Amino acid sequence: MHRRLPVWLKKKIPDMKQVEETRDILKRLNLNTVCENAKCPNIGECFSRHTATFMILGDICTRNCRFCAVKHGIPSSVDINESERLGKAVSELGLKYVVVTSVTRDDLKDYGAGQFVDVINSVRRHNSGTKIEILTPDFKGDEACITQVVQNKPDVFGHNIETVPGLYENVRQEADYGMSLNLLKMIKKVNSKLVTKSGIMVGLGETREEVLGVMDDLRDVGCDLLTIGQYLSPSKNNTPVAEFITPEMFAEYKKLAEDKGFVVASGPFVRSSYKANDLFAVAKQTLGNNLIN
Ligand code: SF4
């Protein structure tokens, strides 16, 4: 059953001129965003600020998570010019901070790791000083792939845990909770100073205790940044919302996570890439010398 939105989940109408400008740049350079493909509720707000989260390696995912609106099936071959165009888009949008994610590509030998490396290098070539946050799939836990990406030093390496382990079977069937934790652990093993980030959606039917358990697991693998946001079902074909978490509960989760040592963004509209530059700025102050750059 799809439920009516509570009042704290209403959004303001964005500046459409700016939104269209962003859309035009993305269309001209033939780039995908997770904002559009995952039907993110913040799209008006983010596009009107000329920010977007790029989704590389096509718009078809090889997995089929039940919470996600991205299409799934057999993806097309890797576009070797994508990284070049993405570097240009960052420059045209004037981004000082960019988030890049991808569909899951279990069909590729390197699970798409090489394309992340190309994108990091292209963004650096076209935009000196722009900070780069990547949000990757699990690369099936492949150590060589993870190492390759870490060695190219993104400013933040993110991988979302998405939900509590007890709900993986329902909503994230092809993923593995332990593998996701291990990926975050491996990043720190290769470079202990690289900032790591993860995100969890709430409102899928998890309990408070389970959320706290995920926080502990993430801290155990050295995860630095955490985002907590409301799950919103993108279509009637996706898992329905089990519960709307109140703003007060989000504030409590934030406090609890901070007490455990995370730098945290927590709120109904928080997504892992939502105002990622602001969270990074807080992290810089909090983590100081631990940052690689
Ligand atoms: S929160 Fe992230 S995914 Fe959503 S619109 Fe903003 S940049 Fe895109």
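See above for the structure.
Residues numbered from 1 in each chain as written. Predicted model: local features only at pLDDT ≥ 70, side-chain atom pairs only at ≥ 80, totals over all residues.

Novice: Go over the nonpolar core with me, naming the residues and quoting the values.
Specialist: By size, the foremost hydrophobic cluster in this structure holds 79 residues, and its most contacted members are V100, L225 and L226. Here the element with the most residues in this core is helix α5 (residues 113-126); it accounts for five residues. The residues contacting V100, other than those within four sequence positions of it, are F54, I56, V119, I132 and I134. (Core = buried A, V, L, I, M, F, W, Y, C linked by C-beta atoms within 7 Å. Buried ≥ 20, exposed ≤ 12 C-beta atoms within 10 Å, placed from the backbone. Helix = DSSP H or I, 4+ residues; strand = E, 2+ residues; numbered from the N terminus. Contact = placed C-beta atoms within 7 Å.)

Novice: Let's hear about the site of the ligand: which residues, and what values?
Specialist: Taken together, V34, C35, C40, N42, I43, C46, T51, A52, T53, R271, S273 and Y274 make up the full set of residues adjacent to the ligand. Mapped onto the shell around the ligand, the elements with two or more residues apiece are α2 (34-37) and α3 (43-48). Of the residues contributing to the shell around the ligand, the split by class is seven nonpolar, four polar and one charged. (Near = placed C-beta within 6 Å. Nonpolar A, V, L, I, M, F, W, Y, C, P; charged D, E, K, R; others polar.)

Novice: Provide a residue-level description of the sheet that holds strand β9 (residues 263-267), including the pertinent values.
Specialist: Read from one edge of the open sheet, seven strands run β1-β4-β5-β6-β7-β8-β9, paired in parallel fashion. Each edge of the open sheet is held by one strand with a lone partner, namely β1 (53-56) and β9. The average undirected angle you get between the axes of adjacent strands in this sheet is 20°. Relative to strand β7 (residues 195-202), strand β6 (residues 156-158) is paired through three bridges, and the arrangement is parallel. (Pairing = 2+ DSSP bridges. Axes fitted to C-alpha atoms, helices over the stretch in contact; angles between N-to-C directions.)

Novice: A description of the pairing of strand β4 (residues 97-102) should follow, citing residues and the corresponding values.
Specialist: Of all six residues in β4, five are buried, a share of seventy percent or more. Bridge count between β1 and β4: four bridges; the pairing is parallel. Residue pairing for β4: F54 is matched across the bridge by V100. Pairing analysis gives five bridges linking β4 to strand β5 (residues 131-135), with the strands arranged parallel. By the bridge assignment for β5, V100 is matched with I134.

Novice: Explain helix α8 (residues 177-190) to me, and be specific about the residues and the numbers.
Specialist: Compared with the 20 Å implied by 1.5 Å per residue over 14 residues, the 21 Å span of α8 between its first and last C-alpha is a close match. Within the span of α8, buried status applies to S180, L181, L183, L184 and I187. Buried residues of α8, viewed axially, fall in a sector of 150°; they line one side. Elements in contact with the buried residues of α8: α6 (143-151), β6, β7 and α9 (208-220). (Expected span 1.5 Å × (residues − 1). Arc of directions from axis to C-beta.)

Bear in mind that shape data such as this cannot, by itself, settle questions of function.
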